[in-house]
Amino acid sequence: MERLVTVKDMQERYGCSLPTARKYLRQMFHYEKPLAAPRWAFDEWEQNREQMPSGISNRKRVEIINRKQNGRIIVPRKRG
């Protein structure tokens, strides 16, 4: 069985409150009691929210597309 995305998973991924995480889950195909969504529905929902920044150069646009296709994501970290 495919893994389900829960309210807690949404809260951790987006750093939002529980009511906001519930609102996000209800925007996609989901199950009630307990509130959860299949991974494929979450991926589709997240992909539909993506937008290319406006007013960027063609070079930067190509760089963003290449980064998205390669799947490499660099998360900035705070030094403590």
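Refer to the preceding data block for the structure.
For clarity, every value in this text was computed on a predicted model and none was experimentally measured. (Residues numbered from 1 in each chain as written. Predicted model: local features only at pLDDT ≥ 70, side-chain atom pairs only at ≥ 80, totals over all residues. Heavy atoms only, no water.)

> For the overall build of the protein, give the residues involved together with the corresponding values.
Tallying secondary structure elements over the protein gives four helices and two strands in all. Seen in sequence order, the protein has helices and strands lined up from the N terminus as β-α-α-β-α-α. Taking 12 Å as the expected radius of gyration for a compact globule of 80 residues, we find that the protein reaches 16 Å, considerably beyond that expectation. Dimensions of the protein, computed from the C-alpha atoms along their principal axes, are close to 45 × 35 × 25 Å. Across the protein, contacts joining residues at least 24 apart in sequence account for 35% of those joining residues at least 6 apart. Looking at the protein, you have 18 positive and 9 negative side-chain charges, and the mean spots of the two groups are 8 Å apart. (Helix = DSSP H or I, 4+ residues; strand = E, 2+ residues; numbered from the N terminus. Rg over C-alpha atoms; globule rule 2.2 N^0.38 Å. Contact = heavy atoms within 4.5 Å. Lys, Arg positive; Asp, Glu negative; His and termini not counted. Charge placed at Lys NZ, Arg CZ, Asp CG, Glu CD.)

> I'd love a proper account of the packing of aromatic side chains, names of residues and values included.
Aromatic ring pairs are reported here in terms of the distance separating the ring centres and the angle at which the planes meet. Tallying each qualifying case throughout the model produces six aromatic pairs. Look at Phe-29 and Tyr-31: their rings are 5.6 Å apart centre to centre, the planes differ by 75 degrees, and that puts the pair in the edge-to-face class. Residue Phe-29 is classed as partly exposed on the basis of its relative accessible area of 43%. On the basis of relative accessible area, Tyr-31 is assigned to the partly exposed category, the value being 39%. With a centroid separation of 5.5 Å and an interplanar angle of 25 degrees, the aromatic rings of Phe-29 and Trp-40 are classed as stacked. You can see Phe-29 sitting in the loop between α2 (18-26) and β2 (36-38) and its partner Trp-40 sitting in helix α3 (residues 39-49), a full eleven residues away along the chain. (Phe/Tyr/Trp six-rings, centres within 6.5 Å; stacked < 30°, edge-to-face > 60°. Buried < 20%, exposed > 50% of the residue type's maximum accessible area, 1.4 Å probe, protein only.)

> Explain α3 to me, and be specific about the residues and the numbers.
Considered for burial, the residues of α3 that qualify are Ala-41, Phe-42, Trp-45 and Glu-46. Buried positions in α3, seen along its axis, are confined to an arc of 130 degrees and lie on one side of it. Buried residues in α3 make contact with β1 (4-6), α1 (7-14), α2 and β2. (Arc of directions from axis to C-beta.)

> Now, about the environment of Ile-56: what can you tell me, with residues and values included?
Mapped onto the fold, Ile-56 is located in the loop between α3 and α4 (58-70). Judged by relative accessible area, which is 24%, Ile-56 ranks as partly exposed. Considered as a pair, Ile-56 and Ala-21 are 35 residues apart in the sequence and their alpha carbons are 31 Å apart.

> Break down the packing of α1 against α3 for me, citing the residues and quoting the values.
Orientation of α1 relative to α3, taken along the N-to-C sense of each, is 35 degrees, at an axis distance of 13 Å. In the packing of α1 onto α3, the handedness of the crossing is right-handed. Along the contact surface, α1 presents Met-10, Arg-13 and Tyr-14, while α3 presents Phe-42, Trp-45 and Glu-46. Taken together, the residues that form the contact of α1 with α3 break down as four nonpolar, no polar and two charged. (Axes fitted to C-alpha atoms, helices over the stretch in contact; angles between N-to-C directions. Left-handed = near helix turned anticlockwise from the far one by under 90°. Nonpolar A, V, L, I, M, F, W, Y, C, P; charged D, E, K, R; others polar.)

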